[in-house]
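Letter by letter, the chains look like this.
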Number of protein chains: 2
Amino acid sequence: MIIDKLYSSVQKKGVVCVGLDTSPSYLPEHLISKCGDLCEALYTFNKYIIDATKDIAACYKIQIAYYEALGVKGLSVYSRTLKYIREQGEIAIADIKRGDIKETASMYAKAHFTEDFESDFITLSPYMGFDSLEPYSDYFANKEKGCFVLVRTSNPGAKDIQDLCDRNGMKVSDAVAKKLMDCGEAVKGTCGYSSIGAVMGATNIVDISRLRNELDSVFFLVPGYGAQGAKASDAALFLKDGNGAIVNSSRAILLNYKKYDDGEKKFDYYAREEAISMNNAILEVKDERSV
Amino acid sequence: MIIDKLYSSVQKKGVVCVGLDTSPSYLPEHLISKCGDLCEALYTFNKYIIDATKDIAACYKIQIAYYEALGVKGLSVYSRTLKYIREQGEIAIADIKRGDIKETASMYAKAHFTEDFESDFITLSPYMGFDSLEPYSDYFANKEKGCFVLVRTSNPGAKDIQDLCDRNGMKVSDAVAKKLMDCGEAVKGTCGYSSIGAVMGATNIVDISRLRNELDSVFFLVPGYGAQGAKASDAALFLKDGNGAIVNSSRAILLNYKKYDDGEKKFDYYAREEAISMNNAILEVKDERSV
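Residues numbered from 1 in each chain as written. Chains lettered and ligands numbered in written order. Predicted model: local features only at pLDDT ≥ 70, side-chain atom pairs only at ≥ 80, totals over all residues. Heavy atoms only, no water.

Please explain helix 9 (residues 172-184) of chain B as it appears in this structure.
For helix 9 of chain B, which comprises 13 residues, the first-to-last C-alpha distance of 18 Å matches the rise-based estimate of 18 Å (1.5 Å per residue) to within 8%. Contact partners of the buried residues in helix 9 of chain B: helix 8 (159-162) and helix 9 (172-184) of chain A together with strand 5 (146-152), helix 8 (158-162), strand 6 (196-200) and helix 10 (205-214) of chain B. (Helix = DSSP H or I, 4+ residues; strand = E, 2+ residues; numbered from the N terminus. Expected span 1.5 Å × (residues − 1). Contact = heavy atoms within 4.5 Å.)

Can you help me understand the interface of chain A and chain B in this one?
Opposite the 58 residues of chain A that make contact, chain B presents 58 residues. Between chain A and chain B the total buried area reaches about 4,700 Å² when both faces are included, carbon and sulfur atoms providing 60% of it. For arginine 251 of chain B, the salt bridge goes to glutamate 103 of chain A, with nearest N and O atoms at 3.8 Å. Counting across the chain A and chain B interface gives 24 residue pairs in polar contact (both at pLDDT 80 or more). Elements supplying a minimum of two residues to the side of chain A that touches chain B: helix 4 (65-68), helix 5 (71-87), strand 3 (92-98), helix 6 (102-113), strand 5 (146-152), helix 8 and helix 9 of chain A. Here the side of chain A that touches chain B is composed, by residue class, of 27 nonpolar, 17 polar and 14 charged. (Buried area = accessible area lost by both parts, 1.4 Å probe. Salt bridge = Lys/Arg side-chain N within 4 Å of Asp/Glu carboxyl O. Polar contact = N/O pair within 3.5 Å; in protein donor to acceptor, adjacent residues only side chain to side chain. Nonpolar A, V, L, I, M, F, W, Y, C, P; charged D, E, K, R; others polar.)

Any chance you could explain the packing of helix 3 (residues 38-53) of chain B against helix 5 (residues 71-87) of chain B here in plain terms?
Between two packed helices, both the angle of their axes relative to each other and the distance between the axes serve to describe the pair. All names here are of chain B. Contact pair helix 3 / helix 5: the axes reach a minimum separation of 9 Å and the direction vectors enclose 20 degrees. The orientation of helix 3 with respect to helix 5, classified from their angle, is roughly parallel. In this structure, helix 3 meets helix 5 at a crossing whose hand is right-handed. Residues Cys39, Glu40, Leu42, Tyr43, Asn46, Lys47, Ile50 and Asp51 of helix 3 form the contact with helix 5, whose own contacting residues are Lys73, Gly74, Val77, Arg80, Thr81, Tyr84 and Ile85. (Axes fitted to C-alpha atoms, helices over the stretch in contact; angles between N-to-C directions. Parallel < 35°, antiparallel > 145°, perpendicular 65-115°, else oblique. Left-handed = near helix turned anticlockwise from the far one by under 90°.)

It is not clear to me how the confidence of the model for chain A should be interpreted in this structure. Could you clarify?
Predicted coordinates in regions of low pLDDT should not be interpreted in detail. Across chain A, pLDDT averages 94, with 97% of residues at or above 70. Model confidence for the complex: the whole-complex pTM is 0.97, and ipTM, which rates the interface, is 0.96. (pLDDT = per-residue confidence, 0-100.)

Hey, could you run me through the sheet that holds strand 8 (residues 245-249) of chain A in this one?
Within a sheet, neighbouring strands are paired by backbone hydrogen bonds and run either parallel or antiparallel to one another. Residues and elements named next belong to chain A. Within the closed barrel, the eight strands sit side by side as 1-2-3-4-5-6-7-8. Their pairing is parallel. Recorded for the sheet is a direction-independent mean angle of 30 degrees between the axes of neighbouring strands. Alignment of strand 2 (residues 59-63) against strand 3, held across four bridges, turns out to be parallel. Bridged to glutamine 63 within strand 3 is aspartate 95. Where helix 9 meets the sheet, its contacts fall on strand 5 and strand 6 (196-200), and the angle it forms with strand 5 comes to roughly 155 degrees. (Pairing = 2+ DSSP bridges.)

Looking at this model, I keep getting lost on the sheet that holds strand 6 of chain B. Mind explaining?
Residues and elements named next belong to chain B. Spatially, eight strands are ordered 1-2-3-4-5-6-7-8 in a closed barrel, and the strand pairing comes out parallel. Taken over all neighbouring pairs, the strand axes of this sheet differ in orientation by 30 degrees on average, direction set aside. Pairing geometry for strand 5 and strand 6, over five bridges, is parallel. Bridged to valine 149 within strand 6 is alanine 198.

Looking at this structure, how should I read the packing of aromatic side chains?
Within a pair of aromatic rings, the relevant descriptors are the distance that separates the centres and the angle that separates the planes. Residues and elements named next belong to chain A. Overall, the coordinates contain 28 aromatic pairs over all chains when judged by the stated rule. Look at phenylalanine 113 and phenylalanine 140: their rings are 6.3 Å apart centre to centre, the planes differ by 75 degrees, and that puts the pair in the edge-to-face class. On the criterion of sequence distance, the pair formed by phenylalanine 113 in helix 6 and phenylalanine 140 in helix 7 (residues 137-142) is long-range, its members being 27 residues apart. Given a relative accessible area of 3%, phenylalanine 113 falls into the buried group. Look at tyrosine 136 and phenylalanine 140: their rings are 6.4 Å apart centre to centre, the planes differ by 20 degrees, and that puts the pair in the stacked class. Joined through ring pairs, the aromatic side chains of Phe45, Tyr48, Tyr257 and Phe267 make up one cluster. (Phe/Tyr/Trp six-rings, centres within 6.5 Å; stacked < 30°, edge-to-face > 60°. Buried < 20%, exposed > 50% of the residue type's maximum accessible area, 1.4 Å probe, protein only.)

In structure tokens form, the structure reads like this:
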């Protein structure tokens, strides 16, 4: 199961998921001049970031929207970046948040688990219901693929639907989480987690601790670290013995170089520095708690 | 407002939205041989369908998953198909069902409302909350663009989340619908409908009639006609004086040719025939009801 590979990677390298939400505005000037083409510069930037972090990052999450915004050429950069990550033996999460009827979902499975856009994990949105997750299940069971389904996100509007409660006080996000637990049973790895994970943003300490206990076989993808406001102390709560979650940061890592006079030339070095300090900050909290 | 263009188109040509969910398996053999390349054949098929239906179809909905499944080359066909529809002066709905945080949504807006993938309307998923819709609003207000937000879909799993009720008995889908009514006020066209529409699948007659009354300024995109099981009598309930909704059919139109001995050679003719008979079937129901 692919989840075992992710678990080992966290065990070895820590909890940081480097988010390659690479906006053209993030690129150092000299890189654009050297590459002579925006899309080529984008790919080169990603490649440098991957090379500089692959021994300390658990995995990479690549947000397709940033590449779609550049049209067909942008999606070619998306494809090349995915290929590069996987050629290095690293894990690629395609942040695509798809969710559609069965026939369409089969097409998305083919799109994002094979050929040009092949990734190891994809993110999925559950609004259309649980049958929208079924077409992926063969890939989970037999083809070393996995997913993270949106449960509770980290944006202010997350409350609008995810926090709605039914007559028994059960939140929409809890209903989704419960379903993931059930579906996950069939694709549990030897590490104890299943290949069907959850996107789980920091809400409040009580909720996080409860969810970490209840969803003991669900691996969490925690968004919103750094630029979006989540803190090390929140992120640490998602972990169980230093594993069971990856914490994503994009802007804070990719743009760390802007804080330094020599940043432009050493953007990859500063990305690495930020990823290391983020990992340390989260794991220190964990250590404090277990004392 | 783009919604006025859609309203006029329905007024003039009827309620059919032709779904270009073109699977490679739908293509007649002779077309693949002639084009010598699957992607080229896919584009040619779409072009023939558009030419054969543009005087009787209100608009076209193109499901991006079918093109993503063919990788970068498939997305180039997606782009060319969108361009062809819009060059003919016809309306293109990009069925992408995106939903993400603000920064990412801005990228999706750029992706699907400008350049390579420019469409007139996009579909959006509300699971992440209403702030995930905000980044599109400038395009709705000032750039002749619109959207259809998933409210109630037509698949069996739709009940899993969309039908969950809060303490007051309000469904998740009703909460979304109410929000769309409010947001839509700012982008209402002279036709009385707003550029923020709703994807609204057939559930039961009582619900549809109630929603059509309550959401009097919300234009509906009705999925699931034909191959997915929705009937003319259901679809007609979404209309108000023969307008206010478009009804999408894909497989039943694109594959109608398979029923006929001379179908392969005349696939576009038979697609047209099916679209006409579908429109008549829906509008006849309406006429019967208004007698």
